[in-house]
Amino acid sequence: MPKYLHGRPIIPGQASGKALVSNEPLSFWGGYDYQTGTIIDQRHPLAGQQAAGRILAVPFTRGSSTTTAVLLEAVKAGTAPAAIVTTAPDSFFALASIVADEMYAKPIPLVVLSSQDFALLQTGQALNMQEDGRIEVN
Amino acid sequence: MTTATVQLSKHDREKLAGGYGPAAKMAMSIILRMAEFHGAKELLDITQAHIDSSIYMGEAGLEFAERLAGLGAKVTVPTTLNVSSVDEHHWREWAVPPDWAKNAHRQMVAYEKMGCRPTWTCAPYQVNLIPKFGQQIAWGESNAIAFANSVIGARTERYPDLLDICAAIAGRVPAVGLHLIENRAGQVLMNLVDIPLALQQDDSFYPVLGHLMGQVARDRIPVISGLQAQPTEDQFKAMGAAGASSGTVALFHVVEKTPEAPTLEAAFQGGQPEETVPVTMETLRVARRELTTATGKKLDMVVLGSPHFSLTEFKQLAPLLVSKQVHPEVKFLVTSSRAMTLLAQKAGILESLKAFGGHITVDTCILASPMLPPEIKRLMTNSAKYAYYAPGLLNTQITFGSLTDCVQSAIKGRVVRDESLWEQQATMGKSDSSAQNPL
């Protein structure tokens, strides 16, 4: 039986993919290789994981203000996550998504979940995100 | 998305309608969408900007810059530029691919064309156009944001790449976050407990404290209390850069040391900390150990200057190099701004660095430019920011040490560190003689 989590769409959009989940915030600069779509921050629990095409769930972005530019490169290179889930609206993810929309008409869907719902996500789950922020978890 | 409407001025609406040209329209549209994202009631004027989008990373960022410049974008407030991704004078001495140098140069040209000043530094607060207390600014570059907010008391949100230039073109930003005084109160208290004064007076204390601050604070505003020493500008710089790397620190207060924290009460604007965390020698030692990922004593390169080296730091370095030579198997690099490098040259310090066998890189750094040849695997630095990012960005191992440790290691060709300050237990602050390098 699939279950549904009801999130708040920050940048609405449809996406589906395997979940990649961590409770640790992530900086994309020094943390994400846009040429391969891999997480490269060796201190991060997701180090070495492929995030391209997956639904990335991290609480928020950490550190460098270059995160947005890296994410825009990933959108152009086709190595961005299919969507991103956070525990609070994250302005860096929002900006990257808005600029990806302005430049390439390819916004990255962003959804905020409550901390309780976020805790139900696990790496490897098949997620299906709807425009209204609903996430089907299989 | 919030449905609240953002109150716009007549000028804002004209910009959105294209009355100031297509670039102003694009910039204003992005600013407005971000204002809606934040649920801002209105926009506010900025009087200065610092642009981090100048870093070249790939085609998309270059395309963005050239599109804006091509549409005739002009900044409407005095605007400084963060690092570029190529040192145009020295890149051929390193492993920078010519194509990269060409593209990074194109990106520099695009931002200069928009009217930004070619400062090319991550420490703009030490060069020129230094903002004043209370001034509303839009700054990119995490360490610069932390310094401007915390040490100067200017007011900026964390402006990410791509948004900073939009703010500079529009001259307007969403009235949210750290622009508003009520959002600048401390949230988490970090209380120094029994930290020897001699350690507090040492340069290597501040990157470690900053690293710990970022971990504890995460995205909250930390307040440091119990600091007896008066940090220098460069010590604050190192602390903020560290906290903005290990955490999302855009503003920190140090009781009695930073402008919005004359007292503990003022730092919290009369409120209570949501958490209190003691900072002990033990937690500091753990934080210091985390800044080192290397095992063993092997060393390929020493790198100093993140954030960019200041004239004061050049002056601290110079006497350590006198009549010494860097080990033949070790590279020694200082990264700095053109402005500071010029001052260092006038002071004769560049000559000393050259005689020592060291290199200088301006406008950029090892994190923003692919300078390092693949055989460089083991770095040493006194910068927590380099220590934090080098392992992931450069696939290297790194050792954190003091400035003196770094120079001594470069001479000996292997990692040497003076542990005496970090092994102290006493609270009374041993005399400075205990800090002497025993080597």
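Residues numbered from 1 in each chain as written. Chains lettered and ligands numbered in written order. Predicted model: local features only at pLDDT ≥ 70, side-chain atom pairs only at ≥ 80, totals over all residues. Heavy atoms only, no water.

**Q** Residues and numbers for the packing of aromatic side chains, please.
**A** All names here are of chain B. Summed over the entire model, instances satisfying the criterion amount to 10 aromatic pairs over all chains. Pairing Y56 with W100 gives two aromatic rings, centres 4.8 Å apart and planes at 75°, and the pair type is edge-to-face. Separated by 44 residues along the polypeptide, Y56 in the loop between β2 (49-51) and α3 (59-70) and W100 in helix α4 (residues 98-113) bring together distant segments of the chain. You can call Y56 buried: its relative accessible area is 7%. (Phe/Tyr/Trp six-rings, centres within 6.5 Å; stacked < 30°, edge-to-face > 60°. Helix = DSSP H or I, 4+ residues; strand = E, 2+ residues; numbered from the N terminus. Buried < 20%, exposed > 50% of the residue type's maximum accessible area, 1.4 Å probe, protein only.)

**Q** Tell me about the pattern of salt bridges, and please be specific about residues and values.
**A** Here the structure, examined in full by the defined rule, presents 21 salt bridges over all chains. Across the pair A:D132 and A:R134 runs a salt bridge, and its minimum N-O distance is 3.6 Å. Of the residues examined, A:D132 reaches a relative accessible area of 45% and is grouped as partly exposed. Since its relative accessible area comes to 30%, A:R134 is described here as partly exposed. Notably, a salt bridge pairs B:E141 with B:K385, separated by 2.7 Å at the nearest N-O pair. Of this pair, B:E141 sits in the loop between β4 (138-139) and α5 (142-152) while B:K385 is found in helix α15 (residues 384-394), placing the two residues 244 residues apart along the sequence. With relative accessibility at 7%, the residue B:K385 sits in the buried group. In this structure, a network of salt bridges that share partners links the residues A:K76, B:E59 and B:E63. (Salt bridge = Lys/Arg side-chain N within 4 Å of Asp/Glu carboxyl O.)

**Q** Go over the domain arrangement of chain B with me, naming the residues and quoting the values.
**A** Accessible area lost when the parts come together is the quantity often used to give the size of an interface. Residue and element names in this part refer to chain B. Domain boundaries in chain B define domain 1 (2-180), domain 2 (185-289) and domain 3 (301-421). For domain 2 versus domain 3, the separation of C-alpha centres amounts to 25 Å. On the side of domain 3, 18 residues touch domain 2, which itself brings 17 residues to the contact. Regarding the contact of domain 2 and domain 3, the summed buried area is about 1400 Å², with carbon and sulfur atoms giving 59% of it. There are two salt bridges connecting domain 2 and domain 3. (Domains from an automatic or database assignment. Contact = heavy atoms within 4.5 Å. Buried area = accessible area lost by both parts, 1.4 Å probe.)

**Q** Lay out the interface of chain B and chain A with the relevant residues and their values.
**A** Each partner contributes to the interface: chain B provides 46 residues, whereas chain A provides 39 residues. Around 3600 Å² of area is buried between chain B and chain A when both sides are counted, 59% of it from carbon and sulfur atoms. When the buried surface of chain B facing chain A is broken down by residue, B:R33, B:F37 and B:M57 rank first, second and third, together holding 17% of it. Where chain B touches chain A, the interface holds four salt bridges.

**Q** Account for the sheet that holds strand β11 (residues 331-336) of chain B, with residues named and values stated.
**A** Residue and element names in this part refer to chain B. Read from one edge of the open sheet, five strands run β12-β11-β10-β13-β14, paired in parallel fashion. Edge strands, defined here as strands with exactly one partner in the open sheet, are β12 (359-362) and β14 (397-400). The average angle at which neighbouring strand axes cross in this sheet is 25°, direction not considered. Pairing of strand β13 (residues 378-381) with β14, which is carried by four bridges, proceeds in the parallel orientation. In the sheet register, R378 faces β14, and the bridge partner there is Q397. On the sheet, helix α12 (residues 311-321) packs against β10 (301-309), β11 and β12 and is oriented at approximately 155° with respect to β10. (Pairing = 2+ DSSP bridges. Axes fitted to C-alpha atoms, helices over the stretch in contact; angles between N-to-C directions.)

**Q** Quick rundown of the sheet that holds strand β7 (residues 222-225) of chain B? Include the residues and the values.
**A** Note: strands within a sheet are paired through backbone hydrogen bonds, in either parallel or antiparallel orientation. Residue and element names in this part refer to chain B. Spatially, four strands are ordered β8-β7-β6-β9 in an open sheet, and the strand pairing comes out parallel. Looking at strand neighbours, the two that pair on one side only are β8 (253-254) and β9 (275-279), the edges of this open sheet. Bridge count for strand β6 (residues 188-192) against β9 is five bridges, and the pairing is parallel. In the strand pairing of β9, L189 is matched with T276. Sheet contacts for helix α8 (residues 205-217): β6, β7 and β9; angle to β6, the most-contacted strand, approximately 145°.

**Q** Can you explain unusual backbone geometry? Please cite residues and give values.
**A** In terms of backbone geometry, most residues other than glycine have negative phi values and most peptide bonds are trans. All names here are of chain B. Following S306, the chain continues to P307 via a peptide bond in cis, the omega torsion being -5°. In this structure, P307 sits in strand β10. In this model, E141 sits at a positive phi of 80°, which is unusual for a non-glycine residue.

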